[in-house]
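Examination of the molecular architecture
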Amino acid sequence: LDAQEGAFVYLGFERDTTQEEVEARIESGTLAEILHKVPVKKGDSVFVPAGQVHAIGKGVLILEIQQSSNATYRLYDYNRMDKEGKLRPLHLEKAFANMSFKASHEKGKPMGDWQMYSGYKKRLLEQCKYFSVWDYHVEDAVELVTDDSTFRSLVFVSGDGCIETENNKMDFAPGDSFFIPAGRNVLRISGACHFVLSHV
């Protein structure tokens, strides 16, 4: 959503590595030296496969779309302290059992180019066998036809207006999130805005 000059995220490793090397680098405080650094700017998109080491660099504001597993294993913590002045615990055993030691080739760019329509444009940010994420920029209004195959999740990044179906109408503002259950419907979004739509 936003990034300072020179901002980056870490995603995977610069080259194939081993558990033994990662353990040694955690111990010596040099793990970042072998992490793959992805420069990012506003509008970029980064895909993080399950099991891939990742960290958000300074000056990056992100919209994170993820499975609701809520499982994060802390591999390294920059020697940060908790509110009681103690080092926060690491989860090395679980992390090593689930992580990939392969090199990453992520570039941080959206998968698709802009597709232009009357009053709006959209592009594919990320897609895999589990989900798709789309970026929409709307000048005035857009209608989305939904079906029984899947839900839709919308997060409004900027702008304001209203979102309505045949039976419901609600206002939106930046930061608002809407869950649209699966079902046959026409979803109308009115107002100049930018939103991200995801579905399985």
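Moving on, we come to the packing of aromatic side chains. Taken as a whole and assessed by the stated rule, the structure comprises 10 aromatic pairs. Ring geometry for Phe156 and Phe172: centres 3.8 Å apart, planes at 10°, overall stacked. One end of the pair, Phe156, is in strand S10 (residues 152–159); the other, Phe172, is in strand S12 (residues 169–172), and 16 residues separate them in sequence. With respect to burial, Phe156 and Phe172 carry one shared label: buried. Within the aromatic cluster, the residues linked to one another by ring pairs are Tyr117, Tyr120, Tyr136, Phe156, Phe172, Phe178 and Phe195. Above the ring of Trp114, the side-chain terminus of Lys121 is found at 4.4 Å from the ring centroid.

Quick look at the sheet that holds strand S3 (residues 35–39) now. Taking strand neighbours across the sheet as the criterion, the three strands line up as S3-S2-S4 in an open arrangement whose pairing is antiparallel. This sheet does not close on itself; its edge strands, each paired only once, are S3 and strand S4 (54–56). Neighbour-to-neighbour, the strand axes of the sheet open up by a mean angle of 20°, direction not taken into account. As paired elements, strand S2 (residues 8–13) and S4 share three bridges and run antiparallel to each other. Paired with Leu11 across the two strands is His54, which belongs to S4.

What follows is about the pattern of salt bridges. According to the stated counting rule, one finds 12 salt bridges in the structure shown. Ionic pairing is found between Arg80 and Asp77, a salt bridge with its closest N-O pair at 3.0 Å. In this structure Arg80 comes out as partly exposed when scored by relative accessible area, which is 44%. Because the salt bridges share partners, they merge into one network encompassing Arg15, Glu21, Arg25 and Glu33.

Bringing the pairing of strand S7 (residues 120–127) into the picture now. Counting buried positions over the eight residues of S7 gives six, a clear majority of the element. One ladder, built from three bridges, connects strand S6 (residues 115–117) with S7; its direction is antiparallel. The partner of Tyr117 across the bridge, within S7, is Tyr120. Linkage of S6 to S7, two consecutive antiparallel strands, is achieved through a turn of two residues, within which Gly119 is found at a positive phi near 90°. Examined bridge by bridge, S7 and strand S8 (residues 132–138) share seven bridges and lie antiparallel to one another. Bridged to Leu124 within S8 is Trp134. Taking the residues between adjacent antiparallel strands as the criterion, S7 and S8 are bridged by four residues.

Conventions adopted
Along each chain, the written sequence defines residue order, and numbers are assigned to residues from 1. Whole-chain, interface and lining totals are the exception, using all residues; otherwise, since this is a predicted model, local features are given only for residues with pLDDT of at least 70 and side-chain atom pairs are given and counted only at 80 or more. The basis for every side-chain value is the complete set of non-hydrogen atoms in the structure, without hydrogens or water. The pairing test for Phe, Tyr and Trp rings, Trp by its six-membered ring, is centres within 6.5 Å, and the orientation test on the planes gives stacked under 30 degrees, edge-to-face over 60, and tilted for anything in between. Every helix listed is a DSSP run of H or I at least four residues long, and every strand listed is a run of E at least two residues long, numbered separately from the N terminus. Exposure is judged per residue with a 1.4 Å probe applied to protein chains only, and the accessible area is read against the type maximum: over 50% gives exposed, under 20% gives buried, and values in between give partly exposed. Lysine and arginine charges are scored as sitting over a ring when NZ or CZ, respectively, is within 6 Å of the ring centre and within 35 degrees of the ring normal. Pairing between strands requires that DSSP locate at least two bridges from one strand to the other. Only the contacting stretch of a helix is used when fitting its axis, a line to C-alpha atoms as for every element, and angles between N-to-C directions run 0 to 180 degrees. Any carboxyl oxygen of Asp or Glu within 4 Å of a side-chain nitrogen of Lys or Arg constitutes a salt bridge here.

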